[in-house]
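Take a look at the letters that make up each chain.
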Amino acid sequence: MTLARVAVRWLLVFLLLAGAAVSTQAQNKPTAPKKTRLLFLLDASGSMFAKWEESDRWQVAKNMLARMADSLNTYQNLEVGLRVYGHQSTVAQKNCKDTKLEVPFAAKNAANIRKKLQQITPKGNTPLTYSLEQSGNDFPDDPNSRNVIIIITDGVESCGGDPCATSLALQKKRVFLKPFIIGLGDDPGYAQQFGCMGQYYNASDVKTFQQVMDNVIKIALKKTTVSVELTDDAGKSVETNVNMTFLNNVTGAPEYNFVHYLDKAGKPDMLDIDALLSYDLVVHTTPAVELKNLNLKPGQHNTIKVKAPQGSLYLRQDAPTSYGSMMALVKEKGSPHLLQQQRFPSQVKYLAGTYEVELLTMPRIRQTVTIKQGQATTITFAPPGILNVTQDLQGYGSLYLLEADGSQRWLHTLPEGSSKISLPLQPGRYRLVFRMKTASSSKFTDVKDFTIKSNLTTIVKLFN
């Protein structure tokens, strides 16, 4: 081999190794933290001039929002914007498209928001649905962002729209996360209309309004963590190494996939979860365990307990057989649905419980088994024997199993083109019924009873 060829070969090896290293680094590289874009959707309809304690609702909301914007300037990786509705037309004009993005998204945006708030005067209607719909266009197309809306309003929709349907549609499109809605004043109609839009808060007085605003910001921006404990029947956290999925129960899409982990002390690890989504948790045991509508406390650590005791089903095959690759069908007892196809030999985990197992021998063997937590349940089968029909006859025939009570159970139809078969069968008593194609009457049917024993061949001769 020439020196040039050697050099080329080593160069190729180097490039392959370098590529593998880069690929590994890319897979292990932590993802960049998501940017949060927070949009205040503010009601500036005429009713905001209503008196509220020592001031009016507009003055309170304006001051509170300005203070909140100042506090948000200290957050990293955060952009804030302001959309206002009901401030460009009077009530008499009945403008149901009166909404405008007054302050586009930007970091440290407090000064712009304060300035704009001083320029706005409440005037008109409450086109909440249209404003919410338009707010979907305010967020840049950025897959690495969390889009959050905080709605501050003192009145329900006045233009005949459906804010709940609009909110749900935009959440399903992943335009923004579940909105926060703060209703100013003590109106019983708020909860009914706003509760289906997202997370609703009733600010019945000024002090509560301030507390709600502080709490909403904390929920939106503070990290939320979750630990999942997979427990046995006694409630002990002993199960692990199971896949689990946090499903967005609005969109149905998986938001997080994890393989469960326990440390040496038997404690599960902490997982970062975005609390502004609604989740179902699916633990992929066999069968799966599902928890609907997780009740996560945002900004805190949450522990979720899932009862998932597991045992094993051990399908034992002591030696190769003439069946080839053997399978068993596993169902939960009483269920018509197939749960698992399991091969011989193998050991697979299942939730503790009762199962129906069907071995694909001939004839099939059906058993009911109970799987207990931390234990292995073993199933095996007797080695088959072989049925040989050596004659090559054209005709029609069937194979039956002879039951202990004298009845017969159909098992197999012989091929019409040739009666010559070699068939593995479980030990037992059988019957072969056959008529040649050329026979002119049913009375020329041949019936042969025979016995199959493990690891032995039984030859059946027709018409002998």
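Just so it is clear, the structure is predicted and the values come from calculations on it, not from any experiment.

Colleague: Residues and numbers for the overall build of the protein, please.
Modeller: Each helix and strand counted, the protein has seven helices and 30 strands in total. By the compact-globule yardstick of 23 Å for 464 residues, the protein is too spread out, its C-alpha radius of gyration being 36 Å. Oriented by its inertia axes, the alpha-carbon framework of the protein measures out at about 110 × 75 × 50 Å. Split into buried and exposed, the 464 residues of the protein put 45% on the buried side. For the protein, the proportion of contacts with a sequence separation of at least 24, taken over those separated by at least 6, is 66%. Summed over all atoms, the accessible surface of the protein reaches about 24,300 Å², with 51% contributed by carbon and sulfur.

Colleague: Talk me through the pairing of strand 16 (residues 301-307); I want residue IDs and the actual numbers.
Modeller: Each regular strand carries side chains that alternate between the two faces of the sheet. Burial along strand 16 is one-sided: Asn302, Ile304 and Val306 are buried, while His301, Thr303, Lys305 and Lys307, pointing the other way, are not. Examined bridge by bridge, strand 9 (residues 225-231) and strand 16 share seven bridges and lie parallel to one another. Bridge pairing links Val228 to Ile304 in strand 16.

Colleague: Go over helix 3 (residues 110-119), please, and point to the residues and values.
Modeller: Of all the positions in helix 3, only Ala110, Ile113 and Leu117 are classed as buried. Viewed along the axis of helix 3, the buried residues span an arc of 65°, placing them on a single side of the element. Counted as exposed and oriented over 90 degrees from the buried face of helix 3: Lys115 and Gln118.

Colleague: Quick one: what's the story with the sheet that holds strand 18 (residues 327-332), residue by residue and with numbers?
Modeller: Across the sheet, which stays open at both edges, the four strands sit in the order 19-18-21-22 with antiparallel pairing between neighbours. Of all strands in the sheet, those bounded by a partner on one side alone are strand 19 (340-343) and strand 22 (365-371). In this sheet, adjacent strand axes meet at a mean angle of 30° when their direction is disregarded. Taken together, the four bridges between strand 18 and strand 19 define a ladder with antiparallel strand orientation. Residue Leu329 lies in a different strand from strand 19, and its bridge partner there is Gln341.

Colleague: Go over the environment of Ile150, please, and point to the residues and values.
Modeller: Positionally, Ile150 belongs in strand 6 (residues 145-153). Once the C-alpha coordinates of Ile150 and Ala319 are considered, the two residues, 169 residues apart in sequence, prove to be 67 Å apart. Residue contacts for Ile150: discarding those within four places in its chain leaves Leu38, Leu39, Phe40, Leu41, Phe180, Ile182, Val216 and Ile217.

Colleague: Before we move on, could you go through the state of the cysteines and cite the residues and values that matter?
Modeller: Evaluated as defined, the whole model comprises two disulfides. A sulfur-sulfur separation of 2.2 Å characterises the disulfide bridge that pairs Cys96 with Cys159. Around the S-S axis, the bridge from Cys96 to Cys159 shows a dihedral of about -90° and counts as left-handed. Remark: Cys159 occurs in the loop between strand 6 and helix 5 (163-172) and Cys96 occurs in the loop between strand 4 (78-85) and strand 5 (99-106); sequence separation between them is 63 residues. With a relative accessible area of 25%, Cys159 lands in the partly exposed category. Note that Cys164 is cross-linked by a disulfide to Cys196, the S-S spacing being 1.6 Å. Torsion about the S-S bond of the Cys164 and Cys196 cystine: about 40°, corresponding to right-handed handedness.

Colleague: Please give an account of the pattern of salt bridges that cites residues and values.
Modeller: A full pass over the atoms with the stated rule returns 21 salt bridges. For the salt bridge of Glu290 with Lys292, the shortest nitrogen-to-oxygen distance reads 3.2 Å. Assessed through its relative accessible area of 42%, Glu290 is described here as partly exposed. Here Lys292 falls in the exposed class, since its relative accessible area comes to 55%. Look at the salt bridges and you will find they share partners, linking Lys35, Arg37, Glu79 and Asp142 into a network.

Colleague: Pulling in residues and values, what's your account of the nonpolar core?
Modeller: Core analysis: the largest hydrophobic core is formed by 75 residues, its most contacted members being Phe40, Ile152, Ile182, Phe209 and Phe246. Sort the elements by how many residues they give to this core and helix 2 (residues 57-72) lands first, with nine residues. Leave out the neighbours within four places in its chain, and Phe40 touches Leu65, Met68, Leu72, Val80, Gly81, Leu82, Arg83, Ile150, Ile152, Met213 and Ile217. Among the nonpolar cores identified, the runner-up in size contains 18 residues, and Val175, Phe176, Phe194 and Tyr200 belong to it.

About the thresholds
Along each chain, residues carry numbers from 1 onward, in the same order as the chain's sequence is written. With pLDDT at 70 or above as the cut-off, local features in this predicted model cover only qualifying residues; side-chain atom pairs require 80 or more to be listed or tallied, and sums for whole chains, interfaces and linings still use all residues. The side-chain values count all of the structure's non-hydrogen atoms but skip hydrogen atoms and water molecules. Only DSSP runs of H or I with at least four residues qualify as helices, and only runs of E with at least two residues qualify as strands; both kinds are numbered from the N terminus onward. In this setup the radius of gyration rests on C-alpha atoms only. A globule is expected at 2.2 Å times the number of residues raised to 0.38. Relative accessibility thresholds used throughout: buried, under 20% of the residue-type maximum; exposed, over 50%; partly exposed, between the two (1.4 Å probe, protein chains only). Should any heavy atoms of two residues lie within 4.5 Å, those residues are counted as being in contact. Computed with a 1.4 Å probe, the accessible areas rest on the Shrake-Rupley method; for each residue, only the protein chains presented here act as cover. Only when DSSP finds a minimum of two bridges between them are two strands counted as paired. Starting at the helix axis, one direction is taken to each C-beta atom, and the arc is that of these directions. Axes here mean lines fitted to C-alpha atoms, for a helix over just the part in contact, with angles spanning 0 to 180 degrees between N-to-C directions. The disulfide criterion is simple: two cysteine sulfur atoms within 2.5 Å. A pairing counts as a salt bridge when a side-chain nitrogen of Lys or Arg comes within 4 Å of a carboxyl oxygen of Asp or Glu. What is meant by a nonpolar core is a set of buried Ala, Val, Leu, Ile, Met, Phe, Trp, Tyr and Cys residues, joined one to another through side-chain atoms within 4.5 Å.

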